[in-house]
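The lines below spell out each chain.
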Amino acid sequence: MTISSTPDAAVRVAVDVGGTFTDIVLERERRRWSAKLLTTPDTPETAVLQGIQELLDQAGLGWPQIGLLILGTTLATNALIERKGARTALLTTAGFRDLVEIGLEDRFAQYDIFLDKPEPLVPRPWRHGITERVDAQGRVLTPLDEAQVIALARELTEAGIESVAVCLLHSYAHPDHERRIRELLRAHAPQLWISLSSDVCAEIREYPRLSTVSANAYVQPQVSGYLRRFNDAARERGLREEPFLMTSGGAIATLQTGVEEPVRLVESGPAGGAILAQHIAQQTGAARALSFDMGGTTAKICYIDDYEPQVSRSFEFGRVHRHLKGSGLPIRIPVIEMVEIGAGGGSIARINQLGSIQVGPDSAGSSPGPAAYGNGGELPTVTDAHALLGTVTPERFAVGKVGLRPELAWNAIQTHLAAPAGLEAPQAAQAIVEVVSENMANAARVHASELGKSADEHVLIAFGGAAPLHAAGLARKLGIARVIIPESAGVGSAVGFLWAPIAYQAVRSFHQRLAGIDHAAVQALLDDLTAGVDAVVRRAAPDAALSHKRVVFMRYSGQGHEIAVDLPDGPFDASASARLGEAFAQRYAQLYGRNLPHVAAEAVSWSVAAQAGERRVPEADRIASGPAIAARQAGTRRLYDFERDNWTEVPCYERAALDAEQKLTGPALVVEDETTTFVPAGFEARRSRLGSLVLDDVGAAAARQALSTDKEIAS
């Protein structure tokens, strides 16, 4: 067979490098191939290259035919959380080097006298104050001491510093001092990686800006090294088109963007999952959806309303107390808002100091992994619990790449949990499942309350290697009546990458009162931002038509935070600023019930986002209801029944053999290559027209229908 050497736009590959597994999807027109491999943490590109080659061989294709390759990675996330980044120094305005520890001068738990704050990424000996000063309007008060920077370059080299974060006071208004520092460091210490806050986060509020650029510098050598090694290896194999990257905001950016601003990739994998859930919600008409992504290391939950995921300008990583805002370090980038907890297949279970079973947040990862992997892991995990309980098929786990050994899982659970707690091993395994499910349910409840939402009004869309095992149980805890498991759910985030738009967003602070606003200066700023985002998007899509979205972050004078107000296209003149003021007053009233016409309105930051082409519109799906024939089972599996404290045989079904006219009733297992779906008693399952597996809680649906009928009668 002759393999073409010309890229084919229909051949698209997506890769999601997780903490435990690397998921890869290859699509060609309507056909899809997928692979799941254990992540190779020291050299992530090894598993990526191997997996892509496997899928190309299965599809009869070669590297030169790949028309689109998208990468997402948790490398940045893991480096930050595990504190395994580069040896990083921080250069800031003299007198401000301790701001990373001072933070916002608040306490996230006001009455906790034993409160622990997160450790800064840069220890104090590596933080240096530079003589210079600029005011909030960008006027130079103290010139930059260049001789000090040159001397510091030698000191950084002698200290073995690998990466440098530069964050000067008010550099968003006057970036020249930061840029000059970069020039001097490159001349006298060319081996250093250098991140400027005026490039990474050109916004007001020194602490979040400083934290963001420190995080960028901390992960840059590791992430950029991986990206470059992968790109070089893929090119050697014949890849013709540049790889693209998934960003935390749910968009696709260029490889160069990832090299320069790897902090934008921190939540790239979870963002792909949210894009998939958005796509499935649109297909199935679920205007309110709850995205549930559970892999080997973490679980992610995101609310999607009116087919749009929640978005934010910032998030926290490495929370000391996982449910308390302010207990982590802030990163200020465009991000899809979600809650993430240490609850994955590899999450380790133990007896805590209270004598209770605790699951996570630490994970066994891919090496050594859960005890059942047989790679030397000795501590029990969520995967071990499922191996013992019988809910996973050992020989098909991870597409057969990992042969589970249930006897090792039994030994680990018996030794570390069951014996100390006075339980039988199956009871301890069931306790692991219940604890991790309740952890996820609690996180979903807390996140819903923070957003002013109610979880039970949503449809649960579950994906990731472990999510289909827990989805129905989680839905029942949250009062959700319907669960949807998409096709290729085990590699769901990677599938989501293929639906993401090519886009880029930039934000810059420029404080202006609407009364007396400098229209020419604002127009120049908008033009500069537009040119910058266009340049990034054009590298990925040189011929596509671009659309833009402009947003102004506004507040009333004296307030501490802003709200987002859309700014329509067109020149920014007196008429545009008047309309902006009206839009701000209207938006403020929508949010808070009133506006403040007697208080001056002001713009703080300005944002421009560019997108290439239009987002792909998903094909409408249909979920049948009413009578259906019974699905034909493919065999049985022996499962532990916790309620009856005995073992029982339950039917198994091959997902690929189900069709839309069939229905199955729980308890049952639906098996496929990348994952297994557990259908508990009380649930019915059927396949949608486009292949999603739909689970309905019969009792919850009936109760909801009865409540709706009662309300109609009362009205």
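Everything below is about the structure printed above this text.
Our subject in this report is the structure included herewith. Counting of residues starts from 1 at the beginning of each chain's written sequence and follows it residue by residue. Totals for whole chains, interfaces and linings use every residue, but because this is a predicted model, local features are given only for residues with pLDDT of at least 70 and side-chain atom pairs only at 80 or more, for both listing and counting. To get the side-chain values, take all heavy atoms of the structure and skip hydrogens and water.

## Side note on helix H11 (residues 406-421)
Heads up, the rule is: Two axes enter the definition of the bend at a residue: one is fitted to the seven residues ending there, the other to the seven starting there, and the bend is the angle between them. In DSSP terms, a helix is any run of H or I states spanning at least four residues, a strand is any run of E spanning at least two, and both are numbered starting from the N terminus. Burial classes follow relative accessibility: with a 1.4 Å probe on protein chains only, a residue under 20% of its type's maximum area counts as buried, one over 50% as exposed, and anything between as partly exposed. A contact between two residues is defined here by any heavy atoms of the two lying within 4.5 Å.
Along H11, the helix axis deviates most sharply at Gln414, where the bend reaches about 50°. Here H11 has its buried residues at Ala409, Ala412, Ile413, Leu417 and Ala418. For H11, the secondary structure elements touched by its buried residues are strand S21 (347-351), strand S22 (357-363), helix H10 (382-389) and helix H12 (425-451). Just downstream of H11 lies Gly422, where phi reads positive at about 70°.

## As for the packing of H12 against helix H13 (residues 467-478)
As a reminder of what qualifies: For helices, the axis comes from a line fit to the C-alpha atoms of the stretch in contact; other axes are also lines fit to C-alpha atoms, and the angle between any two N-to-C directions lies between 0 and 180 degrees. What sets the label is the angle itself: under 35 degrees gives roughly parallel, over 145 gives roughly antiparallel, 65 to 115 gives roughly perpendicular, and the rest give oblique. The sense of a crossing depends on the near helix, which, turned anticlockwise from the far helix by less than a right angle, makes the crossing left-handed and, turned clockwise, makes it right-handed. Polar here means any residue other than Ala, Val, Leu, Ile, Met, Phe, Trp, Tyr, Cys and Pro, which are nonpolar, and Asp, Glu, Lys and Arg, which are charged; Gly is therefore polar.
Following both chains from N to C, one finds H12 and H13 inclined at 50°, their axes separated by 9 Å at the closest point. Put simply, H12 runs oblique to H13. In this structure, H12 crosses over H13, and the sense of that crossing is right-handed. In this structure, H12 contributes Val433, Glu434, Val436, Ser437, Glu438, Met440, Ala441, Ala444 and Arg445 to the contact, and H13 contributes His470, Leu474, Lys477 and Leu478. Of the residues belonging to the contact of H12 with H13, the class tally is 7 nonpolar, 2 polar and 4 charged.

## Considering unusual backbone geometry
Following Gly666, the chain continues into Pro667 via a peptide bond in cis, with omega recorded as 5°. Mapped onto the elements of the fold, Pro667 is located in the loop between strand S32 (662-665) and strand S33 (668-671). In this structure, Arg205 takes a positive phi of about 80° despite not being glycine. Topologically, Arg205 is positioned in the loop between helix H6 (197-200) and helix H7 (206-236).

## A closer look at empty space enclosed by the protein
Taking a probe equal in size to a water molecule and rolling it over the atoms shows the remaining empty space. Note the following rule: Buried and open spaces are told apart on a 1 Å grid over the protein atoms alone, a cavity being a set of points where a 1.4 Å probe fits but cannot get out and a pocket being an open set with protein on both sides within 12 Å along at least five of seven lines. Residues with an atom within 4 Å of a point are the lining residues. Grid points are joined across faces, edges and corners, and a volume is the space filled by probe spheres set on the points.
All chains considered together, the criterion is met by 6 cavities of 30 Å³ or more. Empty space within the largest cavity amounts to approximately 260 Å³. Taken together, 24 residues form the lining of the largest cavity, with Val392, Phe397, Gly465, Ala466 and Glu674 sitting closest to its centre. For the lining of the largest cavity, a count of residues per class yields 8 nonpolar, 11 polar and 5 charged. Computed from the structure, the second largest cavity encloses a volume of approximately 70 Å³. Val100, Pro120, Leu121, Val122, Tyr207, Leu210, Ser211, Ser214 and Leu329 together form the lining of the second largest cavity. Broken down by element, the lining of the second largest cavity gets its largest block of residues, 4 residues, from H7. Residues that form the lining of the second largest cavity fall into these classes: 7 nonpolar, 2 polar and no charged.

## A closer look at the sheet that holds S33
Selection rule: A pair of strands counts as paired when DSSP detects no fewer than two bridges linking them.
The strand order across the open sheet built from 4 strands is S30-S31-S33-S34, with neighbouring strands paired in mixed fashion. Each edge of the open sheet carries a strand with a single partner, namely strand S30 (635-641) and strand S34 (676-679). Between one strand and the next, the sheet's axes are offset by a mean angle of 30°, whatever the strand orientation. One ladder, built from 7 bridges, connects S30 with strand S31 (residues 646-654); its direction is antiparallel. Residue Tyr640 lies in a different strand from S31, and its bridge partner there is Trp647.

## Remarks on the environment of Ile357
Considering the arrangement of structural elements, one finds Ile357 in strand S22. On a C-alpha basis, the gap between Ile357 and Ala421 in space is 8.4 Å, while along the polypeptide they are 64 residues apart. Residues in contact with Ile357, not counting those within four places in the same chain, are Arg350, Ile351, Leu417, Ala428, Ala431 and Val435.

## What about the side chain of Ser248?
Rules: Side-chain atoms alone can form a polar contact between residues adjacent in sequence; in general such a contact is a pair of N or O atoms within 3.5 Å, and within protein one must be able to donate a hydrogen while the other accepts it.
By the element assignment, Ser248 lies in the loop between strand S11 (244-246) and strand S12 (252-254). A distance of 2.8 Å separates the side chain of Ser248 from the backbone oxygen of Arg264, its partner in a polar contact. Apart from residues no more than four positions distant in its own chain, Ser248 is found in contact with Val263, Arg264, Leu265, Val266, Glu267, Ser268, Ala271, Ile333, Pro334, Val335 and Ile336.

## Describing helix H1 (residues 44-59)
So the rule is basically this: The span expected for a helix works out to 1.5 Å for each residue beyond the first.
Relative to the 22 Å expected for 16 residues at 1.5 Å per residue, H1 spans 23 Å between its end C-alpha atoms, a close match to the ideal helical length. Every buried residue of H1 is listed here: Pro44, Glu45, Ala47, Val48, Leu49, Gly51, Ile52, Leu55, Leu56 and Ala59. Residues of H1 that are buried make contact with strand S1 (8-17), strand S2 (21-28), strand S3 (31-38), strand S4 (66-73), helix H2 (75-82) and H7. Looking at the residues trailing H1, positive phi occurs at Gly60, about 70°.

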